[in-house]
Amino acid sequence: MSTSEQALLDVRDLRVRYGGRRSGQVAVDGVSLSVAPEETLGLVGESGSGKTTVARCVAGLLRPGAGTVTFEGRPLGRAGHRPPELQRAVQMVFQDPRSSLNPRMTVAAVIGEVWRTHPVTAPEGDRTEALHRLLADMGLDPEVAARRAGDLSGGQCQRVSIARALAVRPRLLVCDEAVSALDVSVQAQILRLLVDLRARHRLAMLFISHDLGVVHQIADRVAVMRRGVIVEEGRTGEVLTAPRHAYTQALLDAALDLDDAVPGDGAADGKAVV
């Protein structure tokens with residue numbers, strides 16, 4: 001496991017409660033985890049386990065009641081109060097690709113808005129050409145740039161969401177159930193895309209999922225959450241072949257066949273996919 005000295009992201013003793021102190025619900029109860037540079041940590045648990053709450057704290061969308069969240073040793077506050085370089089460094093890909101994009105905006109406008117907000121990351125020269133290259137990296141045809149987000153398929157919307165995140169050259173992607181809202185065949189395509197992008201852009205990822213079968217395809221390490229706490233953590237292969245906690249075994253029993261490989265999606269060849 002990565003130590004806090006090696007960590008890109010370090011979360012220590014994170015605690016979050018929804019509602020009042022006496023009657024409120026404890027969502028996260030003393031969670032600690034770290035992600036090293038270029039590493040993918042899978043955070044797994046059933047609905048209500050607290051994993052999305054952790055993701056929202058890391059992304060700065062939620063303020064924890066206690067604990068610390070740091071990036072290379074620097075505190076990560078709320079998203080709107082982070083220094084621009086930290087705002088760019090940590091980007092989030094949401095579960096529902098349609099609701100994360102303005103359906104009335106064209107894809108070109110979506111990406112252009114990001115570059116206007118963070119001009120230091122905007123390409124020099126012809127931005128249209130740069131946009132087309134970015135879309136090609138996502139496996140999307142250039143003509144998608146002129147289409148409105150509301151006219152795209154779910155898989156295309158998620159590819160645009162990933163493109164929006166990568167447009168500011170982040171170092172950590174927080175993927176919150178990024179494939180769970182998609183059809184199974186499209187899930188495999190997006191997973192393959194994320195694996196490819198991680199290698200090409202030297203990204204670290206905090207990958208949130210309820211499915212150990214999905215996490216097996218992408219994560220170097222896995223942390224298993226149940227009722228607001230981490231009950232097991234380790235190298236993905238070790239956790240999946242010799243789980244120490246009964247809850248992990250229950251998740252494994254519900255997962256897809258771990259021997260199934262992720263099929264290619266044509267993204268590496270620049271072909272348009274759904």
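Provided above is the structure to which this section pertains.
Presented here is an overview of the structure given in this document. (Residues numbered from 1 in each chain as written. Predicted model: local features only at pLDDT ≥ 70, side-chain atom pairs only at ≥ 80, totals over all residues. Heavy atoms only, no water.)

## Let's talk about the environment of G77
When you line up the elements, G77 lands in the loop between β5 (74-75) and α2 (84-89). A residue is classified by how much of its surface remains accessible, and G77, at 37% relative accessible area, is partly exposed. Along the backbone, G77 and A55 are 22 residues apart, and their C-alpha atoms lie at a distance of 13 Å. (Helix = DSSP H or I, 4+ residues; strand = E, 2+ residues; numbered from the N terminus. Buried < 20%, exposed > 50% of the residue type's maximum accessible area, 1.4 Å probe, protein only.)

## With respect to the environment of R78
Tracing the chain through its elements places R78 in the loop between β5 and α2. Here R78 falls in the partly exposed class, since its relative accessible area comes to 32%. With 15 residues separating them in the primary sequence, R78 and R63 have C-alpha atoms 6.6 Å apart. Excluding its chain neighbours within four sequence positions, the residues that come into contact with R78 are G60, L61, L62 and R63. One polar contact links the side chain of R78 to the main-chain carbonyl oxygen of G60, over a distance of 3.3 Å. (Contact = heavy atoms within 4.5 Å. Polar contact = N/O pair within 3.5 Å; in protein donor to acceptor, adjacent residues only side chain to side chain.)

## Considering the pattern of salt bridges
Scanning all chains against the criterion turns up 15 salt bridges. Between E38 and R202 there is a salt bridge; the shortest N-O distance is 3.0 Å. Taken together, the positions of E38 in the loop between β2 (25-35) and β3 (40-44) and R202 in the loop between α6 (184-201) and β8 (204-209) put the pair 164 residues apart, joining distant regions of the chain. On the accessibility criterion, E38 (37% relative accessible area) is partly exposed. What makes R202 exposed here is its relative accessible area of 58%. One network of salt bridges, with partners in common, ties together D13, R15 and D29. (Salt bridge = Lys/Arg side-chain N within 4 Å of Asp/Glu carboxyl O.)

## Describing helix α5 (residues 154-166)
Across its 13 residues, α5 extends 18 Å between first and last C-alpha, which sits within 8% of the 18 Å expected from 1.5 Å per residue. The buried fraction of α5 is high, at 12 of 13 residues. Taken together, the buried positions of α5 are occupied by G154, G155, Q156, C157, Q158, R159, V160, S161, I162, A163, A165 and L166. Packed against the buried residues of α5 are β6 (90-93), α3 (107-117), α4 (127-137), β7 (172-176) and α6. (Expected span 1.5 Å × (residues − 1).)

## A short note on the sheet that holds β2
If you trace the four strands from one edge of the open sheet to the other, you get β2-β1-β4-β5, paired in antiparallel fashion. Taken across any chain shown, the strands that pair with only one partner, and hence form the sheet edges, are β2 and β5. Inspection of the sheet shows strand β1 (residues 9-18) paired to strand β4 (residues 66-71) by five bridges, in the antiparallel sense. Looking at the pairing, D10 lines up with T70 of β4. (Pairing = 2+ DSSP bridges.)

## Considering the packing of α3 against α5
Contact pair α3 / α5: the axes reach a minimum separation of 9 Å and the direction vectors enclose 20 degrees. One finds that α3 runs roughly parallel with respect to α5. With respect to the hand of their crossing, α3 and α5 are arranged in right-handed fashion. In this structure, α3 contributes V107, V110, I111 and V114 to the contact, and α5 contributes V160, A163 and R164. (Axes fitted to C-alpha atoms, helices over the stretch in contact; angles between N-to-C directions. Parallel < 35°, antiparallel > 145°, perpendicular 65-115°, else oblique. Left-handed = near helix turned anticlockwise from the far one by under 90°.)

## Re the sheet that holds β7
Across the sheet, six strands lie side by side as β6-β7-β8-β3-β9-β10; this open sheet has mixed pairing. Of all the strands in the sheet, the pair left with one neighbour each is β6 and β10 (229-235). The mean angle between the axes of side-by-side strands here comes to 15 degrees, regardless of whether they run parallel or antiparallel. In this structure, β3 lies alongside strand β9 (residues 221-226), joined through four bridges in parallel fashion. Opposite L43, over in β9, you have A223 as the bridge partner. Against the sheet, α5 engages β6 and β7, with an angle of about 175 degrees to β6. Lying on the sheet, helix α9 (residues 246-254) is in contact with β3, β9 and β10; it crosses β9 at an angle near 105 degrees.

## Description of the pairing of β9
Successive residues of a regular strand alternate their side chains across the two faces of the sheet. Taken across its six residues, β9 has five buried, putting it largely inside the fold. With six bridges connecting them, β9 and β10 associate as antiparallel partners. The residue bridging V224 from the neighbouring strand is E232, located in β10. Connecting the antiparallel pair β9 and β10 is a turn made up of two residues, with R227 showing a positive phi of about 50 degrees.

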